[in-house]
There are 2 protein chains.
Amino acid sequence: MQRIYNFSAGPAILPEEVLKEAQENLFSLPGVGMSVLEISHRSKVYDAIHLQAKQDMSELMGITDDYSLLFLQGGASLQFSMVPLNLMPPANKADYIVTGSWSKKAVKEAKRVGTVNIAGTTESETFNRIPKQEELKLDPEAAYVHFTSNNTIYGTEWYNEPEVGNVPLVCDASSDFMHKKTDLKKYALVYAGAQKNLGPAGVTVVIIRKDLLARSQDSLHTMLNYKTHVENDSLYNTINVFGVYIIGLVAKWLKKNGGLDAMYAMNKEKAAILYKCIDESGGYYKGHALPDSRSLMNVTFRLPSEELEKKLIAEATKAGFDGLKGHRSVGGLRASIYNAFPKKGVEELVSFMKDFQSKNG
Amino acid sequence: MQRIYNFSAGPAILPEEVLKEAQENLFSLPGVGMSVLEISHRSKVYDAIHLQAKQDMSELMGITDDYSLLFLQGGASLQFSMVPLNLMPPANKADYIVTGSWSKKAVKEAKRVGTVNIAGTTESETFNRIPKQEELKLDPEAAYVHFTSNNTIYGTEWYNEPEVGNVPLVCDASSDFMHKKTDLKKYALVYAGAQKNLGPAGVTVVIIRKDLLARSQDSLHTMLNYKTHVENDSLYNTINVFGVYIIGLVAKWLKKNGGLDAMYAMNKEKAAILYKCIDESGGYYKGHALPDSRSLMNVTFRLPSEELEKKLIAEATKAGFDGLKGHRSVGGLRASIYNAFPKKGVEELVSFMKDFQSKNG
């Protein structure tokens, strides 16, 4: 059947090529005689899938041998706990930069482990921007600095990492993971739920610099200890086989389409089309994020009234644009345009929005 | 392509009907225009999948309103921690019956939380049987009694639950979950990785009696607290959408095929065919489990020599019987014959085994 344009914030759109290959082989992997849903995570068939996914991601992102790439479960939400449980000792204090709801949830769990210093926040400005470097109050003795690279709900994004000196930098990159090539050397740990830019829900990617593992104490519960997963190459217990398989297909697709630099260029182009429409609407469409903090992934905006917002969403849904409703905590609209979202869909949405404005302006 | 017989212990075989339906709809769910890999976990489409899977499982298992059915992540291995973290206080002691490697792993995590009383174990007999009721040394003041209903590695299974009086009974049912209709009233909590009898890897089913939730302290990390997941109907954070979708298809298949009583009858029939072959081999095939503890799910056996075992496995693989190699900790062979495994495949394996014996006896 006809596919629609899926603007959902996550789980989100995946490349059609990936879906088609997964579909073709779902009943039986070529030469295997079993579905990828049925193969043992200890089999040679899975080993090859696992290794290839890791290799392709490492190549795309420039992950070097001093880092481990893990495929875990539990989402970013479980990382909110695992990060402080593993990394906060022995200093037992950490800096958190709060740029939205997800940062706040990370803070909540970290406080169960030790002292949290809010090194910066834009909450009083409804999280409509990323704090400037000079606003940050960083503790040079913090165990780490935690930030959220992209804020799905508010539609803001860090263009450059906060400068943190020698303190390890930890990033929740769930909603802009692999949208561009970042300098991984700046990071001590990056985590991301796969379900936005990388694959289906149910896999959490963690990239951890190996020297950090010295902090993980043996008293930690086995499944909550990063050492367990590094030592067992994410296979201490049964991994989400299908999820990693799809991630592998997405990584292959990314390589085929020019890698992360090409992806970044396209992401900037797509976002620019949408922000231009907002900026040229004479205030009819009003972006939530300030221009210097606008997300390339999640474009959030309002209309002159909630009635018009509802009307636009209803008409858009009928026209084949799905998932435009903003998060309940900020209202309005949100167009999520991750790597796999086609430029054509953005252009068609803009055309629809202009048409809507002319009829309802 | 031709499918082979998959005797893997888990992830394991799924019903062909389920795979075919999933395959047909993987590119786009009927009437939705998006893949199930792309739909939001907050969408009406997913709501319907979630509700139907829960309803069908509740109907199949007889889950009543005083229990909550959860779809979590992290596998049974994370439950090894969540169970004691949530349920051990305030007594801070619990009984564990140890019948294999997985029970031992559960004990290891429980000891991080409080005092563990090993209420029974058959470790000195290489876990070749389930302890008898009169062998158990239960503490009437224990917070709970934990047991492992089926031992994948050793091929043993509890035919009846241990009798524990008023102490809450907790069961790791990962490898025989839903292989028969059990009297759920006997249980306070049941957990199971889905990847053996119920679906793909990446979903952990937890069934918890609601009164137990009073024990979960607010100081627990949010994702480790059962209350979080009960209060949010497993949707506190992004659920494994695809995994629950497949579980729903399996539940539908179970209903269509007569439910758990019919499944149990067939499981007994399949296991009997295989054990008969072992028993009538004149000692050529030797079962690991004692007859009164034999698992209906995992049939473990040895041959007269390791050379013959290797030879059989190699020839079986060529003949289209996969996954027969036993767990490295016990060696030998293991045929896992879960709900979805066809009787015809068991009959063909037996025929193959008889032929092998006649040629190599």
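What you are looking at is a predicted structure, and each value in this text was computed from that prediction instead of being measured. (Residues numbered from 1 in each chain as written. Chains lettered and ligands numbered in written order. Predicted model: local features only at pLDDT ≥ 70, side-chain atom pairs only at ≥ 80, totals over all residues. Heavy atoms only, no water.)

S.K.: I keep staring at the interface of chain B and chain A and nothing clicks. Help me out?
M.R.: Where interface size is quoted, it is often the accessible area lost as the parts come together. Contacts between the two partners involve 65 residues from chain B and, on the opposite side, 65 residues from chain A. Summed over both sides, the interface between chain B and chain A buries roughly 5200 Å², with carbon and sulfur atoms accounting for 58% of that surface. Three residues stand out in chain B for area buried against chain A, namely Phe27, Glu38 and His221 of chain B, and they jointly supply 15% of the buried area on that side. At the junction of chain B with chain A, the criterion picks out 2 salt bridges. By residue number, the principal contributor to the side of chain B that touches chain A is helix H1 (residues 16-24) of chain B, which donates 6 residues. A class-by-class count of the residues in the side of chain B that touches chain A yields 29 nonpolar, 25 polar and 11 charged. (Contact = heavy atoms within 4.5 Å. Buried area = accessible area lost by both parts, 1.4 Å probe. Salt bridge = Lys/Arg side-chain N within 4 Å of Asp/Glu carboxyl O. Helix = DSSP H or I, 4+ residues; strand = E, 2+ residues; numbered from the N terminus. Nonpolar A, V, L, I, M, F, W, Y, C, P; charged D, E, K, R; others polar.)

S.K.: Which parts of the structure should I look at to understand the side chain of Glu38 of chain B?
M.R.: By the secondary structure assignment, Glu38 of chain B is in the loop between H1 and helix H2 (44-61). Within the structure, the side chain of Glu38 of chain B is placed 2.8 Å from the backbone nitrogen of Ser35 of chain B, a separation counted as a polar contact. Setting aside residues up to four positions removed in sequence, Glu38 of chain B forms contacts with Arg3, Asn6, Pro11, Ala12, Ile13, Leu14 and Leu19 of chain A. (Polar contact = N/O pair within 3.5 Å; in protein donor to acceptor, adjacent residues only side chain to side chain.)

S.K.: In this structure, what is going on with the domain arrangement of chain A? I would like to understand it.
M.R.: All names here are of chain A. Along its sequence, chain A is carved into domain 1 (17-256) and domain 2 (258-360). Centre-to-centre separation of domain 1 and domain 2, based on C-alpha positions: 27 Å. With 29 residues of domain 1 at the contact, the number on the domain 2 side is 27 residues. In this assembly, domain 1 packs against domain 2 so that about 2300 Å² is buried in total across both faces, 55% of it on carbon and sulfur atoms. Considering only the side of domain 1, the residues that lose the most area to domain 2 are Ile153, Tyr159 and His179, jointly responsible for 22% of the buried surface there. (Domains from an automatic or database assignment.)

S.K.: Would you mind going over the pattern of salt bridges with me for this structure?
M.R.: Opposite charge on two side chains allows them to pair when their charged atoms are near. All names here are of chain A. All told, the structure shown has 49 salt bridges over all chains when counted by the stated rule. Put simply, Glu17 and Lys256 hold a salt bridge, and the shortest N to O gap is 2.7 Å. Taken together, the positions of Glu17 in helix H1 (residues 16-24) and Lys256 in helix H6 (residues 241-256) put the pair 239 residues apart, joining distant regions of the chain. Note on Glu17: relative accessible area 41%, which makes it partly exposed. By relative accessible area, which is 61% here, Lys256 ends up exposed. (Buried < 20%, exposed > 50% of the residue type's maximum accessible area, 1.4 Å probe, protein only.)

S.K.: Any chance you could explain the sheet that holds strand S4 (residues 115-121) of chain B here in plain terms?
M.R.: Strands in a sheet are paired, the pairing made by backbone hydrogen bonds, and the direction either parallel or antiparallel. Residue and element names in this part refer to chain B. Taken in spatial order, the 7 strands of this open sheet run S2-S10-S9-S8-S5-S3-S4, and their pairing is mixed. Only two strands of the sheet have a single partner each, and these edge strands are strand S2 (67-72) and S4. Between one strand and the next, the sheet's axes are offset by a mean angle of 15°, whatever the strand orientation. Two strands pair when backbone bridges link them, and strand S9 (residues 189-193) and strand S10 (residues 204-209) are joined in this way by 5 bridges, in the antiparallel orientation. Its bridge partner lying in S10, Gly193 is registered against Thr204. The strands touched by helix H4 (residues 101-110) within the sheet are strand S3 (93-98), S4, strand S5 (145-148), strand S8 (169-172) and S9, with S3 carrying the most contacts at an inclination of about 165°. (Pairing = 2+ DSSP bridges. Axes fitted to C-alpha atoms, helices over the stretch in contact; angles between N-to-C directions.)

S.K.: Can you help me understand the environment of Phe71 of chain A in this one?
M.R.: All names here are of chain A. Topologically, Phe71 is positioned in strand S2 (residues 67-72). On a C-alpha basis, the gap between Phe71 and Val190 in space is 12 Å, while along the polypeptide they are 119 residues apart. Here Phe71 is in contact with His50, Ala53, Lys54, Met57, Val203, Thr204, Val205, Ser234, Ile239, Val244 and Ile247, once residues within four sequence places are set aside.

S.K.: Is there a simple way to think about helix H7 (residues 259-279) of chain B in this case?
M.R.: Within an α-helix, residues lying three or four positions from one another point in the same direction, as the helix has 3.6 residues per turn. Residues and elements named next belong to chain B. Relative to the 30 Å expected for 21 residues at 1.5 Å per residue, H7 spans 30 Å between its end C-alpha atoms, a close match to the ideal helical length. Among the residues of H7, Gly259, Leu260, Met263, Asn267, Lys270, Ala271, Leu274, Tyr275, Cys277 and Ile278 are the ones counted as buried. Burial along H7 is one-sided: seen end-on, the buried residues are contained in an arc of 150°. Residues of H7 that are buried in the fold lie against H2, helix H6 (241-256), strand S11 (286-287), strand S12 (298-302), strand S14 (333-336) and helix H9 (343-360). (Expected span 1.5 Å × (residues − 1). Arc of directions from axis to C-beta.)

S.K.: Would you take a moment to explain the side chain of Asp95 of chain B for this structure?
M.R.: All names here are of chain B. Inspection of the secondary structure assignment puts Asp95 in strand S3. No salt bridge is formed by the buried Asp95; the nearest opposite charge belongs to Lys93, separated by 7.6 Å. At 2.8 Å, the side chain of Asp95 forms a polar contact with the side chain of Asn117. A polar contact of 2.7 Å, which involves the side chain of Asp95, links it to the backbone nitrogen of Asp139. Beyond its immediate chain neighbours, meaning those up to four positions away, Asp95 contacts Asn117, Ala119, Lys137, Leu138, Asp139, Ala142, Tyr144, Val145 and His146. (Lys, Arg positive; Asp, Glu negative; His and termini not counted.)

S.K.: Can you walk me through the sheet that holds strand S11 (residues 286-287) of chain A in this structure?
M.R.: All names here are of chain A. Taken together, 3 strands build an open sheet; the order of strands is S11-S12-S14 and the sheet is antiparallel. Of all the strands in the sheet, just S11 and strand S14 (333-336) have a single pairing partner and so form its edges. Bridge analysis of strand S12 (residues 298-302) against S14 gives 4 bridges, and the strand direction is antiparallel. Paired with Val299 across the strands is Ala335, a residue of S14. Here helix H7 (residues 259-279) sits on the sheet and contacts S11, S12 and S14; the angle it forms with S12, its principal contact strand, is near 15°.

S.K.: Explanation requested: the packing of aromatic side chains in the structure shown.
M.R.: For any pair of aromatic rings, geometry is given as the distance between the ring centres together with the angle between the planes. Per the stated rule, a full pass over the model turns up 27 aromatic pairs over all chains. Taking the centre distance of 5.1 Å and the plane angle of 75° together, the rings of Phe147 of chain A and Trp158 of chain A count as edge-to-face. Of this pair, Phe147 of chain A sits in strand S5 (residues 145-148) while Trp158 of chain A sits in the loop between strand S7 (156-157) and strand S8 (169-172), and the two are 11 residues apart along the sequence. With respect to burial, Phe147 of chain A and Trp158 of chain A carry one shared label: buried. Look at Phe147 of chain A and Tyr187 of chain A: their rings are 6.3 Å apart centre to centre, the planes differ by 20°, and that puts the pair in the stacked class. One end of the pair, Phe147 of chain A, is in strand S5; the other, Tyr187 of chain A, is in the loop between S8 and strand S9 (189-193), and 40 residues separate them in sequence. The same class applies to Phe147 of chain A and to Tyr187 of chain A, which are both buried. Chaining the aromatic ring pairs together yields one cluster made of Tyr5, Phe7, Phe321, Phe341 and Phe352 of chain A. Seen from the ring of Phe27 of chain A, Arg3 of chain B lies directly overhead, with NZ or CZ sitting 4.9 Å from the centre. (Phe/Tyr/Trp six-rings, centres within 6.5 Å; stacked < 30°, edge-to-face > 60°. Lys NZ or Arg CZ within 6 Å of the ring centre and 35° of its normal.)

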